[in-house]
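Here is how the chains run, residue by residue.
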Amino acid sequence: MSDKDLMLLEERALSEIGVASTFAALDNAKALYLGKDGLVTVPLRLVKNFPPEERRSVAYSLNVLRAKIECAVRERRRFLEEKQVSKRLLSEAIDCTLPARGDDPGGYHPISIVMRRLRSLWHSAGFHCISGPEIEDEWHNFTALNTPEYHPARSMHDTFYLSEGGGLLRTHTSPLQIRYLLKHCPPVRVIGMGRVYRVDQDATHSPMFHQIEGICVNNDTNFSQLKGILKLFIHKFFDDDFLDVRFRPSFFPFTEPSAEIDIFFKTAQMSQPQWLELGGCGLINPNVLSMCNIDPDKYRGFAFGLGIERLAMLFYGIDDLRLFYQNDLRFLSQFNFSGFK
Ligand code: FA5
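Described below are features of the structure shown in this document.

About the thresholds
Residues numbered from 1 in each chain as written. Predicted model: local features only at pLDDT ≥ 70, side-chain atom pairs only at ≥ 80, totals over all residues. Heavy atoms only, no water. Helix = DSSP H or I, 4+ residues; strand = E, 2+ residues; numbered from the N terminus. Rg over C-alpha atoms; globule rule 2.2 N^0.38 Å. Contact = heavy atoms within 4.5 Å. Salt bridge = Lys/Arg side-chain N within 4 Å of Asp/Glu carboxyl O. Buried < 20%, exposed > 50% of the residue type's maximum accessible area, 1.4 Å probe, protein only. Expected span 1.5 Å × (residues − 1). Pairing = 2+ DSSP bridges. Axes fitted to C-alpha atoms, helices over the stretch in contact; angles between N-to-C directions. Parallel < 35°, antiparallel > 145°, perpendicular 65-115°, else oblique. Left-handed = near helix turned anticlockwise from the far one by under 90°. Nonpolar A, V, L, I, M, F, W, Y, C, P; charged D, E, K, R; others polar. Near = heavy atom within 4 Å. Polar contact = N/O pair within 3.5 Å; in protein donor to acceptor, adjacent residues only side chain to side chain. Phe/Tyr/Trp six-rings, centres within 6.5 Å; stacked < 30°, edge-to-face > 60°. Lys NZ or Arg CZ within 6 Å of the ring centre and 35° of its normal.

**Points about the overall build of the protein chain**
Helices and strands together make up the secondary structure of the protein chain, namely twelve helices and nine strands. For a compact globule of 341 residues, the expected C-alpha radius of gyration is about 20 Å, and the protein chain comes in at 40 Å, more than 25% above that figure. Expressed as lengths along the three principal axes of its C-alpha atoms, the size of the protein chain is roughly 125 × 45 × 35 Å. When contacts within the protein chain are restricted to residue pairs at least 6 apart in sequence, those whose partners lie at least 24 apart make up 65%.

**Some details on the pattern of salt bridges**
Enumeration over the complete set of coordinates arrives at twelve salt bridges. A salt bridge links R179 to E136, with the nearest nitrogen and oxygen atoms 2.8 Å apart. With R179 in helix α8 (residues 175–183) and E136 in strand β2 (residues 135–137), the pair connects residues that are 43 residues apart, well separated along the chain. Since its relative accessible area comes to 4%, E136 is described here as buried.

**As for helix α4 (residues 52–91)**
Taking 1.5 Å as the rise per residue, α4 with 40 residues should run 58 Å; its terminal C-alpha atoms sit 59 Å apart, in good agreement. Looking only at α4, the buried set comprises V58, A59, L62, L65, I69, A72, V73, R76 and L80. Its buried side turned inward, α4 meets α1 (3–19), α2 (23–34) and α3 (41–46).

**Observations regarding the sheet that holds strand β4 (residues 188–197)**
The sheet built from seven strands is open, its strands ordered β1-β4-β5-β9-β8-β7-β6 with mixed pairing. Looking along the sheet, the strands with just one partner apiece sit at the ends: β1 (128–130) and β6 (245–252). Going across the sheet, the axis of each strand differs from the next one's by a mean of 25°, ignoring polarity. Summarising the sheet, β1 and β4 pair through three bridges and their orientation is parallel. Each bridged residue has a counterpart across the sheet, and for C129 the counterpart in β4 is I191.

**Digging into the packing of α1 against α2**
Remark: α1 packs on α2, axes separated minimally by 9 Å, with the N-to-C direction vectors making an angle of 165°. Classified by the angle between their axes, α1 and α2 sit roughly antiparallel to one another. Once α1 is placed against α2, the crossing between them reads as left-handed. Contacts from L9, R12, A13, E16 and I17 of α1 reach α2 at L26, A29, L32 and Y33. For the contact of α1 with α2, the per-class residue count stands at seven nonpolar, no polar and two charged.

**Some words on the site of the ligand**
As a matter of local geometry, the ligand sits amid 25 residues, with H172, S174, R198, S206 and E277 nearest to it. H172 is positioned with one of its side-chain polar atoms (N or O) 3.0 Å from a nitrogen atom of the ligand. One of the side-chain nitrogen or oxygen atoms of E277 is found 2.6 Å away from an oxygen atom of the ligand. Of all the secondary-structure elements, those providing two or more residues to the shell around the ligand are β5 (208–218), β8 (274–284) and β9 (300–307). Taken together, the residues of the shell around the ligand break down into eight nonpolar, twelve polar and five charged.

**Remarks on the environment of T41**
Structurally, T41 can be placed in helix α3. The spatial distance from the C-alpha of T41 to the C-alpha of L62 is 8.6 Å, given a sequence separation of 21 residues. Each residue touching T41, except ones within four places of it in the same chain, is listed here: Y33, L34, G35 and K36. At 3.4 Å, the side chain of T41 forms a polar contact with the backbone oxygen of Y33.

**Re the packing of aromatic side chains**
Enumeration over the complete set of coordinates arrives at 15 aromatic pairs. Between Y316 and F335 the ring centres are 4.6 Å apart and the planes differ by 75°, which places this aromatic pair in the edge-to-face class. Here F335 lies in the segment after α12 (329–332) and Y316 lies in helix α11 (residues 308–316), a separation of 19 residues in the sequence. Exposure remark for F335: the relative accessible area of 5% places this residue in the buried category. Taking NZ or CZ as reference, R117 lies 5.6 Å from the ring centre of F237, over its face.

Next up, the structure:
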């Protein structure tokens, strides 16, 4: 191999390595010259066949060339690495001079707005607010509410049972009656609100929804008081003193007599007003009072339970309850200038 051949080989190798623009191209260039069958490796291997007087100088020149190529590869690799880092830094740079994303302070969810309004309305009627656990036991959710095991009413409340500990997600807020009455003597006048769970899902039913429970126990509580206060509440809530309210006979194991509360209402989607159900109510069943160690001969009570999503849907004219839980800001942001505070 002549000096000229070596010079040409060096020129070609250094120029190919110098223009390699990716790590893969650089590896290929290195392999072409220094790989197992590379253009420098093969002559180096064959040096032993050269005449003795040439062998030393050819081997020396090839080794120098190999060292130069290795050095050029190292330098090019460092260059590519630096380029990669600066590209990344540039793409991840934060421009502190850009305007902020917006000054939207956020707001209450429509269900929270309605719950705040409910709390304030009932508070003004002398009811204070209580709360209870969402994970209940069968005794508080069913048995103490006069719904013994195998009672057909339990099947209507098919719920989510916990695999350990025998707990379940409460199907209604009525266990609050038991929890509160076990610890407090009459007179009692409270409301409780919160999440409840059922195996239900369509445009007007959700597997998780909210209820408000009202409980009143005293020695002269009666059905007229229940009707009066619910009617007053509905008129105030919908801000309409002429709204028709109907108490339709019904059945709940924990109240006797029991009724469904309906209002004659027209939403934007309806051509005619219709009777729409808000919830259930009744006089607390004497068995429930006895379960809570309250003498049913001395005290009587009323209770009611209303669906909060139902109230919110009617109030705002929303026809699909699922909208409340899709976290769509275009929907949610409409409620924070509604006048509710
Ligand atoms: C009850 O849950 C009784 N605990 C109410 C009660 C309390 C009666 C105290 C007597 C005394 P009901 O299953 O009907 O009743 O539910 C009450 C309201 O919750 C319904 O009228 C409806 O407004 C709402 N509701 C029921 N299921 C759903 C659901 N899956 N999604 C949204 N709202 C619902």
